[in-house]
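Okay, here's what each chain looks like letter by letter:
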Amino acid sequence: MKFANVIAAGGEWLRGEGPHHQIVISSRVRLARNLRHRAFPGWAKKVERTQVLELIKPRVEELPEMQDSFSEMLQDLSALEKQVLVERHLISREHAAKSVGSAVIMNRRQTLSIMVNEEDHLRMQSIRSGLQLKSAFKLVDKIDSTLENKLDFAYDPKLGYLTACPTNVGTGMRASAMLHLPGLVLSEMINQVIQAVNKIGLAVRGLYGEGTEAMGNLFQISNQTTLGEKEEEIVSRLSKVIETIIEKEHDARQMLIQKKSNTLWDQIGRAYGVLTFAHAMTSKEALNLLSIIKLGVDLGAFPEDRRLPIDELFIDTQPAHLQKSSHQKLNAEERDELRAQIIRDRLRVFPRPDISKVARESGNGSTAEPPTNE
Amino acid sequence: MLCDVCKCNDATVFLTQILEGKMQKVNLCDSCSKEKGVQDPTGFALADLLLGIGAAEEIEKGTPTQKCGVCGFTQADFKKTGRLGCSACYITFSEGLGSLLKAMHKGTEHVGKLPQRAHREIELSDRMRTLNADLQKAVEEENYESAASLRDQIKQLEANLAIKP
């Protein structure tokens, strides 16, 4: 598969069809593995890294799940192409900085992506739409079980799988979900939720992981520890916490409808107005406003069939996607102009927010799915 | 500067305490400091307790010349990068790592998945232990026929263990 096809195809998770997809954008599970007695990528010399790559890459490519896969050495991808993969969460920001001796292999559906020589020799990731941590774990666990018969993974009976960073030792697993929580942010309850989540040993991060800002009311929640707990336990504990957060988000939205409706309609109206008429927009502003429109769709203020165009804008307005689609490198100012133009074009066919549709839904309880209009 | 606990994030909380005229420093990132509840400076003694007594010192002292026999990684390299050199480093630096892992994780022992190969090795060594016990018993009971059969089984098992899959 060519890179152009990867871009055109779009990932399965981008279509947003999984359970609880209104609030849970995606679920990801990654496993870190290393070869025994081989220097970890950060310490290995270029020759050693290349040797490890040559051992691992063919084994990954011959996996049944990797038929018709996209497989590329990092030095053969342009900076822009790498950034597109980062924006789709198919490789990490750290991996995008790599060159000779590193590779990425992903399946056609983009549900599985395997990084070779990131921080560890192998970083295997499964990504699914909505809340599907268990199935994401199952998929990546299966890949791991197949590969362990062909590759000599480093493990210790007491410490489990050995990883470059001691924070990953044990299961080598990081399970995470990307949540869209505008209700909790608007009702100013988000900090309380974050603190509670932190307290039980889970981490909350921004859009692109460690050290990134929370934009567009998007938050990543993941396990913090990897030693002393079974994979299935970590996954089910995380899933339960996320289900609770989903409930809290629904409650917060109901509270806003009932007690702060004017603030809510004001936010939605302003977001609609700015997105429809602006001629320059940073990606941060775009994400924050699109988040409010997405909330509007969830609440029924916009017809349900407008959901996909909005979800697509979340990705299409990211800097690298923008430049890729315009086939040229753009400076920040040009990007802001193009971003505003794309959004204006797509919103031209968008109806005005209709709050009367929402009011009728307010009595339906906190877990009610919003109406599918027309 | 990296966090002394997770070694992954940049440190944003810097704790300094002078004890018996000696300065002790602990650098933590935001999330570790929150997790350890050390944002309040009066809770510093608590910090030390939670991080393992004098965590910062422990990393400092170690044996700076200690070197991994497999990859040549040193304690000083770990302090700098927060990453280890290879899987064998976990054995080389096991002493210093122990308290670090304890502070970082929920438990100190892995209870999750292991490669099939590990299961096989554990099964075989369990079987070996049973056979040896049976053999001893057979010899004590002067049941030489059974002892001979057990001895053969042990030999066979030893051969299997020698062939690494």
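Residues numbered from 1 in each chain as written. Chains lettered and ligands numbered in written order. Predicted model: local features only at pLDDT ≥ 70, side-chain atom pairs only at ≥ 80, totals over all residues. Heavy atoms only, no water.

A. How the structure looks around helix 13 (residues 332–347) of chain A. Residue and element names in this part refer to chain A. Taking 1.5 Å per residue as the helical rise, helix 13 with its 16 residues ought to reach 22 Å, and the 22 Å between its terminal C-alpha atoms agrees with that figure. Among the residues of helix 13, those classed as buried are Asp336, Leu338, Arg339, Ala340, Ile342, Ile343, Arg344 and Leu347. Measuring from the side-chain oxygen of the N-cap residue of helix 13 to the backbone nitrogen of Glu333 gives 3.1 Å; that N-cap residue is Asn331. (Helix = DSSP H or I, 4+ residues; strand = E, 2+ residues; numbered from the N terminus. Expected span 1.5 Å × (residues − 1). Buried < 20%, exposed > 50% of the residue type's maximum accessible area, 1.4 Å probe, protein only. Polar contact = N/O pair within 3.5 Å; in protein donor to acceptor, adjacent residues only side chain to side chain.)

B. Summary view of the sheet that holds strand 3 (residues 103–106) of chain A. Residue and element names in this part refer to chain A. On the basis of which strands lie adjacent, the open sheet formed by 8 strands has the order 2-3-4-5-1-8-10-9 and antiparallel pairing. If you trace the sheet from one side to the other, it starts and ends with strand 2 (70–73) and strand 9 (202–205), each paired once. Within the sheet, the average angular offset between the axes of one strand and its neighbour, ignoring direction, is 15 degrees. Relative to strand 4 (residues 112–116), strand 3 runs antiparallel, the two being bridged by 4 bridges. Note on strand 4: the bridge partner recorded for Met106 is Ser113. Strands in contact with helix 7 (residues 190–199) are strand 9 and strand 10 (218–223); relative to strand 9, the strand with the most contacts, it is inclined by about 145 degrees. (Pairing = 2+ DSSP bridges. Axes fitted to C-alpha atoms, helices over the stretch in contact; angles between N-to-C directions. Contact = heavy atoms within 4.5 Å.)

C. Representation of the environment of Thr171(A) within the structure. Considering the arrangement of structural elements, one finds Thr171(A) in the loop between strand 7 (160–161) and strand 8 (173–180). Owing to a relative accessible area of 0%, Thr171(A) belongs among the buried residues under this scheme. The residues contacting Thr171(A), other than those within four sequence positions of it, are Leu31(A), Arg33(A), Tyr161(A), Thr226(A), Glu229(A), Glu231(A), Ile234(A) and His110(B).

D. Structural view of the nonpolar core. All names here are of chain A. Core analysis: the largest hydrophobic core is formed by 47 residues, its most contacted members being Val60, Leu122, Leu147, Ile242 and Ile245. Among the elements that take part in this core, helix 8 (residues 231–259) stands out by supplying 8 residues, more than any other. Ignoring anything within four residues of it in the chain, the contact list for Ile245 reads Leu179, Leu181, Leu184, Val193, Val197 and Ile221. Leu275, Ile292, Leu338 and Leu347 belong to the second-largest nonpolar core, a separate cluster that totals 37 residues. (Core = buried A, V, L, I, M, F, W, Y, C linked by side-chain atoms within 4.5 Å.)

E. Inspection of the pattern of salt bridges at higher detail. This model, assessed by the stated rule, comprises 27 salt bridges over all chains. Among the salt bridges present, the one from Glu62(A) reaches Lys150(A), with a minimum N-O distance of 3.1 Å. Of this pair, Glu62(A) sits in the loop between helix 2 (46–61) and strand 2 while Lys150(A) sits in the loop between helix 5 (133–147) and strand 6 (155–156), and the two are 88 residues apart along the sequence. A network of salt bridges, in which partner residues are shared, links Glu118(A), Glu119(A), Asp120(A), Arg123(A) and Arg83(B). (Salt bridge = Lys/Arg side-chain N within 4 Å of Asp/Glu carboxyl O.)

F. Here's a closer look at the confidence of the model for chain B. Residue and element names in this part refer to chain B. Per-residue confidence for chain B averages 75 on the pLDDT scale, and 71% of its residues sit at or above 70. For chain B, per-element mean pLDDT is lowest for helix 2 (residues 44–50), which scores 43, and highest for helix 5 (residues 89–92), which scores 91. Every residue in residues 40–62 is under pLDDT 50, and counting partners more than four places away or in other chains gives 36 contacts. Both scores are given for the predicted complex: the pTM is 0.78, the ipTM 0.82. (pLDDT = per-residue confidence, 0-100.)

G. Structural view of the packing of helix 12 (residues 319–326) of chain A against helix 13 of chain A. Residue and element names in this part refer to chain A. Contact geometry of helix 12 with helix 13 gives a least axis separation of 10 Å together with a crossing angle of 80 degrees. On the basis of their axis angle, the class for helix 12 and helix 13 is roughly perpendicular. Of the residues in helix 13, those in contact with Pro319, Leu322, Gln323 and Ser326 of helix 12 are Arg335, Leu338, Arg339 and Ile342. Along the lines of polarity and charge, the residues of the contact of helix 12 with helix 13 split into 4 nonpolar, 2 polar and 2 charged. (Parallel < 35°, antiparallel > 145°, perpendicular 65-115°, else oblique. Nonpolar A, V, L, I, M, F, W, Y, C, P; charged D, E, K, R; others polar.)

H. How the structure looks around the interface of chain B and chain A. In this complex, chain B contributes 36 residues to the contact, which on the side of chain A involves 42 residues. Interface area lost by chain B to chain A is led by Tyr90(B), His110(B) and Lys113(B), which between them contribute 21%. Applying the counting rule to chain B against chain A returns 4 salt bridges. Measuring nitrogen to oxygen at the nearest pair gives 3.7 Å for the salt bridge that ties Glu229(A) to Lys106(B). Linking chain B to chain A there are 18 residue pairs in polar contact (both at pLDDT 80 or more). When contributions to the side of chain B that touches chain A are tallied by element, the ones reaching two or more residues are helix 4 (75–81), helix 6 (94–104) and helix 7 (116–140) of chain B. Counting residues per element, the side of chain B that touches chain A draws most heavily on helix 7 of chain B, which supplies 4 residues. Along the lines of polarity and charge, the residues of the side of chain B that touches chain A split into 17 nonpolar, 11 polar and 8 charged. (Buried area = accessible area lost by both parts, 1.4 Å probe.)

I. Summary view of the pairing of strand 5 (residues 122–129) of chain A. Residue and element names in this part refer to chain A. Most of strand 5 sits out of view: 8 of its 8 residues are buried. Because side chains alternate across strand 5, one face comprises the buried residues Leu122, Met124, Ser126 and Arg128, and the other comprises Arg123, Gln125, Ile127 and Ser129, equally buried. When strand 1 (residues 24–33) meets strand 5, the two strands line up antiparallel, connected through 8 bridges. Following the sheet pairing, Ser27 is matched in strand 5 by Arg128. The sheet contact formed by strand 4 and strand 5 spans 5 bridges and is antiparallel. Looking at the pairing, Leu112 lines up with Ser126 of strand 5. Between strand 4 and strand 5, which pair antiparallel one after the other, the connecting turn spans 5 residues, and Asn117 there sits at a positive phi close to 60 degrees.

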